[in-house]
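Structural characterization, general
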Amino acid sequence: QEKHIKNDLLNIRKDSIYKVICNDRREAVLRIKNALDYDNDFRHIDVPAYLNILELGKIRRGFQGKLAEYADNGSLRKICKFLCDESIDISKRLDATLKGGSKHLSGWGVNNITKLLCINEPKLYFVYNNAIQSYLDKVGLGMSGEMTSAKYVTLLTIFKRICKELDIKDFAVLDEMLIRCV
């Protein structure tokens, strides 16, 4: 399965589109950070602007009201700060924020969580969204059931190895490359 992923990605990595993907993803990360007010400690999160950014995972509009409520009452800011706190082990951050965790917010699921992790540290964390799940299913690496920290860390190890071997800039770029392989 890993060999199949490498072959798919290598074709894109060698193509001239790779540089375009790198530039597009750099800009997308900046737009997401701006919408989340990342540089201002998440103080004024613009939920509609965030939801309009399709890169790194399209977020369902049905959650706009809930996310706006979380932004207004400060719980979204708290969860964003917690997820971006690199002094806390990634498994602990995921366990606390994924469905069933002590800090979980309804409507702020695995896509939002991993999207935030990726924009915080694009070289450390990949985005897990429907497109990535579809690709993983296609190559036989799909993981059934809800995403857990253990599943995420397993995939993260595989993707880190692949990115290093193929000299892929970061996980924001990997996301677009995998989407093109679906």
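This text follows the structure it describes.
What comes next is a walk through the structure. Quick caveat: nothing in here was measured; it's all calculated off a predicted structure.

1. Details of the overall build of the chain
- Scanning the chain from N- to C-terminus turns up ten helices and zero strands.
- The linear arrangement of helices and strands in the chain, starting from the amino end, is α-α-α-α-α-α-α-α-α-α.
- Taking 182 residues into account, the globule formula puts the C-alpha radius of gyration at 16 Å, and the chain, at 16 Å, falls close to it.
- In terms of overall dimensions, the chain has a C-alpha envelope of 45 × 30 × 30 Å along the principal axes.
- Looking at the 182 residues of the chain, the share that counts as buried comes to 48%.
- Relative to all contacts within the chain whose residues are 6 or more apart in sequence, the contacts with residues 24 or more apart total 65%.

2. What to know about the nonpolar core
- Counting 63 residues, the largest nonpolar core has Leu9, Trp108, Leu116, Leu155, Phe159 and Ile168 as its most contacted members.
- In terms of residue count, the dominant contributor to this core is helix 9 (residues 149–166) (eight residues).
- Leaving out residues up to four positions away in the same chain, Leu116 has contacts with Leu36, Phe42, Cys80, Leu83, Cys84 and Trp108.

3. So, the packing of aromatic side chains
- Tallied over the entire structure, the rule returns five aromatic pairs.
- On the basis of an interplanar angle of 90° and a centroid distance of 5.7 Å, the ring pair of Tyr38 and Phe42 is categorised as edge-to-face.
- The buried category is assigned to Phe42, whose relative accessible area is 4%.
- With a centroid separation of 4.4 Å and 5° between ring planes, the pair formed by Phe126 and Tyr152 is classed as stacked.

Conventions used here
Residues numbered from 1 in each chain as written. Predicted model: local features only at pLDDT ≥ 70, side-chain atom pairs only at ≥ 80, totals over all residues. Heavy atoms only, no water. Helix = DSSP H or I, 4+ residues; strand = E, 2+ residues; numbered from the N terminus. Rg over C-alpha atoms; globule rule 2.2 N^0.38 Å. Buried < 20%, exposed > 50% of the residue type's maximum accessible area, 1.4 Å probe, protein only. Contact = heavy atoms within 4.5 Å. Core = buried A, V, L, I, M, F, W, Y, C linked by side-chain atoms within 4.5 Å. Phe/Tyr/Trp six-rings, centres within 6.5 Å; stacked < 30°, edge-to-face > 60°.

Read these as geometric descriptors, not functional statements.
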